[in-house]
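Below, each chain spelled out in residue letters.
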Amino acid sequence: MHLRIRKRSLAEYIIFLLGLLPFFLSFMPYSCRYVLDLGWCALLALLILYRRELDFRPIRPLLYWMLAFVLTSALLYLFHYRSMINYLWGARNNFRFYPFFAAVCLFQTEQDAEAVFRVFDLLFWLNLALSLYQFAVLGLGQDNLGGIFGTEVGCNAYSNLFFVVIVSRSLSRFLNGKENLLSCSMKCSSALLLSALAELKIFYIEFALITVLLLLLNRPSRRSALLILLGSGGLIGAAILLIGLYPEFTEVLSPQGLLKAAISSRGYTSSGDFNRLTVIPLANEWFLQDPLSQLFGLGLGNCETSHFELLNTSFYQRYGDSHYTWLSTAFLYLEMGWVGLLFVFGFFVLNEHLCARNQRRGGNVIHCQTGRVLSVCALLILIYNSSLRTEAAYLFYWALALAHGKKSCKTEENRTRH
C-alpha cells in the first residue's frame, strides 16, 4: 500500500493560513495581522485569474450580492468623498472576508474541510487548557479571559465566534449520528464552562438558538431528546456558575434583564454611549438627521479608525467616545445607513437560503446545517458586537462557506495550476 499525498494548490495553502493564523495572533506582534491582507488579496487575484475554470454557479447569487455591495459603496462615496485612503481602508475592513469566503467555496474540498476541523478540535482543547490556566493560576476572567486568543480586553469575542462554530458543527454531527454523545457533550459543556468564566452571556443565547435550530432541521429521535435534556441541564449549570462567579449579573440572566440591558439609555458602558438596541434612534438623533443620510449614511470609510494615526478619521477623533466601533450595526449604519445594513444582513439571509437549497439537492448535511445555523447566529452577533469585523471572522466565514458543494471536475483537474 502506498501513501498518497495530494498536491495542494496555492489557493488552498492561503486558505489554511487565513483560517488558522487568527488563533496565533495573540502571540505575535500586532503588525503580523496585516499578513492576512496579503492572503485575501492573493485569493481575490486567483479568483479573477481563473474565473473561466471555476464553477461559480453554486454561489452566483452571493457573488452578485457581494459585488453589488462593493459597487454601491463606491457609488455612494462619490457623494461623500473625503479621502480615497479612508474609503480603501473602510473597504478593506468590510469586504476582506468576501474573497476568502468565495475561495473556500470554490477551491476547498470536503476532505480539506475535515482536515481543518480536526485541527480546530485540537485547538479547542488547547484553548480549554490554556483558559483554565489563565483563570485558576493567573486570576484572569471576564473580558480578559481569551485562552489561545490572548488576554487583552475583548479577546473573549474571538472565543465566542470559535465556540459558535465548534458547537454548531458538533451538535449537527451528533444529531446525524456522526459524533458520539461523550464527544459532543464534552465540547458543549467545555464551551459553556468557558463562557461562564469569561462572562460570555451571549453564548447562552447562542447555544439555545443553535440547539433549537438544529432540532427543527432534524427529525425527532432519541438523540433529539438527549440533546434537549442535556442542553437544558448544561445551560442551567452554566448560568448557576456565572451567578456564583459574578453575582452582579443575577438580574441580567433573564429575558427581561437582557432586554433592559440592551435598551438602557445609559448605553453600552453606562456612559451615555451607543447600546445594542439603541443604535438607530441614537444615530438618527446625533448624526443622521435627514432621510437621505439615514438611507445612505456618511460614506464608507468616513468613520473609520486604526492603529495607524493616518487612518483615524476626524469623525472617530471627535465621536469615538460614543463607542460606535464596538457594534457592527452602529458602524454600518453610520457609514452606509439602511443600505449597508440591508447588504450585510442580507448576505447571511441569502446564505441560509442557499445552504437549505444545497441540502435539498443532496449536499453534505453536516456542512449545510452548520452553514444555516451560523447564518442565523451571524444576525445576532452583528447586533451584539463587532467581532465579525475582526480577524476571528475568518474562521467563521470559513465554516459558513463549506455548505456550497464540491468543485466541478474541470476545476478539480486544473487545481494544481492555480
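Described below are features of the structure shown in this document. All of these numbers come straight from a predicted model, not from anything done at the bench. (Residues numbered from 1 in each chain as written. Predicted model: local features only at pLDDT ≥ 70, side-chain atom pairs only at ≥ 80, totals over all residues. Heavy atoms only, no water.)

This part takes up the nonpolar core. Grouped together as the largest cluster of nonpolar side chains are 121 residues, with contacts concentrated most on Phe348, Phe396, Tyr397 and Trp398. With 14 residues, the single largest contributor to this core is helix α15 (residues 328-360). (Core = buried A, V, L, I, M, F, W, Y, C linked by side-chain atoms within 4.5 Å. Buried < 20%, exposed > 50% of the residue type's maximum accessible area, 1.4 Å probe, protein only. Helix = DSSP H or I, 4+ residues; strand = E, 2+ residues; numbered from the N terminus.)

Two side chains bearing opposite charge may form a pair once their charged atoms approach each other closely. Within the structure shown, the criterion is met by 11 salt bridges. Arg57 serves as the salt-bridge partner of Asp55, at 2.8 Å between the closest nitrogen and oxygen. By relative accessible area, which is 18% here, Asp55 ends up buried. Since its relative accessible area comes to 57%, Arg57 is described here as exposed. Residue Glu352 pairs with Arg372 through a salt bridge whose shortest N-O separation is 2.8 Å. Residue Glu352 is found in helix α15, and its partner Arg372 is found in helix α16 (residues 365-384); the two are separated by 20 residues along the sequence. (Salt bridge = Lys/Arg side-chain N within 4 Å of Asp/Glu carboxyl O.)

Moving on to the environment of Tyr133. Along the polypeptide, Tyr133 turns up in helix α6 (residues 110-136). The class for Tyr133 is partly exposed, based on a relative accessible area of 42%. Put simply, Tyr133 and Asp37 are 96 residues apart on the chain and 32 Å apart in space, counted from C-alpha to C-alpha.

Attention now goes to a nonpolar patch on the surface. Taken together, the side chains of Leu132, Leu193, Leu241 and Leu245 make up a nonpolar region of the molecular surface, amounting to roughly 250 Å² of accessible area. Inspection of the secondary structure assignment puts Leu132 in helix α6. (Patch = residues over 30% accessible without salt bridge, like charges linked within 9 Å, V, L, I, M, F, W, Y side chains within 5 Å. Areas by Shrake-Rupley, 256 points an atom, 1.4 Å probe, with all protein chains shown as cover.)

A word on unusual backbone geometry. Note on backbone geometry: most residues besides glycine have negative phi, and most peptide bonds are trans. Unusually for a residue other than glycine, Gln142 sits at a positive phi of about 50 degrees. For Gln142, the location among the structural elements is in the loop between α6 and α7 (156-175). On the basis of relative accessibility, which here comes to 27%, the residue Gln142 falls in the partly exposed class.

To continue, consider the packing of aromatic side chains. Across all of its chains, the model carries 41 aromatic pairs by this definition. With a centroid separation of 5.5 Å and an interplanar angle of 40 degrees, the aromatic rings of Tyr34 and Phe308 are classed as tilted. Linking Tyr34 in the loop between α1 (10-20) and α2 (35-49) with Phe308 in the loop between α13 (291-296) and α14 (314-319), this pair joins segments that are 274 residues apart in sequence. The class for Tyr34 is buried, based on a relative accessible area of 19%. A network of ring pairs unites the aromatic residues Phe23, Phe117, Phe120, Phe124, Trp125, Phe149, Tyr158, Phe162, Phe163, Phe203, Phe207 and Trp398 as a single cluster. Residue placement shows Arg389 over the ring face of Phe331; its charged tip is 3.8 Å from the ring centre. (Phe/Tyr/Trp six-rings, centres within 6.5 Å; stacked < 30°, edge-to-face > 60°. Lys NZ or Arg CZ within 6 Å of the ring centre and 35° of its normal.)

Before going further, it helps to spend a moment on the side chain of Asn312. Looking at where Asn312 falls in the secondary structure, it is placed in the loop between α13 and α14. Here Asn312 is in contact with Glu304, Thr305, Ser306 and Gln317, once residues within four sequence places are set aside. (Contact = heavy atoms within 4.5 Å.)

So, on to the packing of α1 against α2. At their nearest, the axes of α1 and α2 sit 10 Å apart, and the two run at 150 degrees to each other. Crossing geometry of α1 relative to α2 is assigned as left-handed. Two secondary-structure elements touch here, α1 through Leu10, Ala11, Ile14, Ile15, Leu17 and Leu18 and α2 through Leu36, Gly39, Trp40, Ala42, Leu43 and Leu46. Class assignment of the residues belonging to the contact of α1 with α2 gives a composition of 11 nonpolar, one polar and no charged. (Axes fitted to C-alpha atoms, helices over the stretch in contact; angles between N-to-C directions. Left-handed = near helix turned anticlockwise from the far one by under 90°. Nonpolar A, V, L, I, M, F, W, Y, C, P; charged D, E, K, R; others polar.)

Compared with an ideal rise of 1.5 Å per residue, which puts 24 residues at 34 Å, helix α10 (residues 222-245) spans 34 Å between its outermost C-alpha atoms and is within 8% of the ideal. Within the span of α10, buried status applies to Ser224, Leu227, Gly231, Ala238 and Leu242. Buried residues belonging to α10 abut α7, α8 (181-197) and α9 (201-217). For α10, the N-terminal cap is Ser221; the gap from its side-chain oxygen to the backbone nitrogen of Arg223 is 3.3 Å. (Expected span 1.5 Å × (residues − 1). Polar contact = N/O pair within 3.5 Å; in protein donor to acceptor, adjacent residues only side chain to side chain.)

We now examine the packing of α2 against helix α5 (residues 97-107). Two numbers describe how α2 lies on α5: the axes approach to 9 Å, and their chain directions differ by 55 degrees. The angle between α2 and α5 places the two elements in the oblique class. Viewed along their axes, α2 and α5 form a crossing whose handedness is left-handed. Counting all contacts with α2, which are made through Trp40, Leu43, Leu44, Leu46 and Leu47, the residues of α5 involved are Pro99, Phe100, Ala102, Ala103, Leu106 and Phe107. Counted by class, the contact of α2 with α5 contains 11 nonpolar, no polar and no charged residues. (Parallel < 35°, antiparallel > 145°, perpendicular 65-115°, else oblique.)

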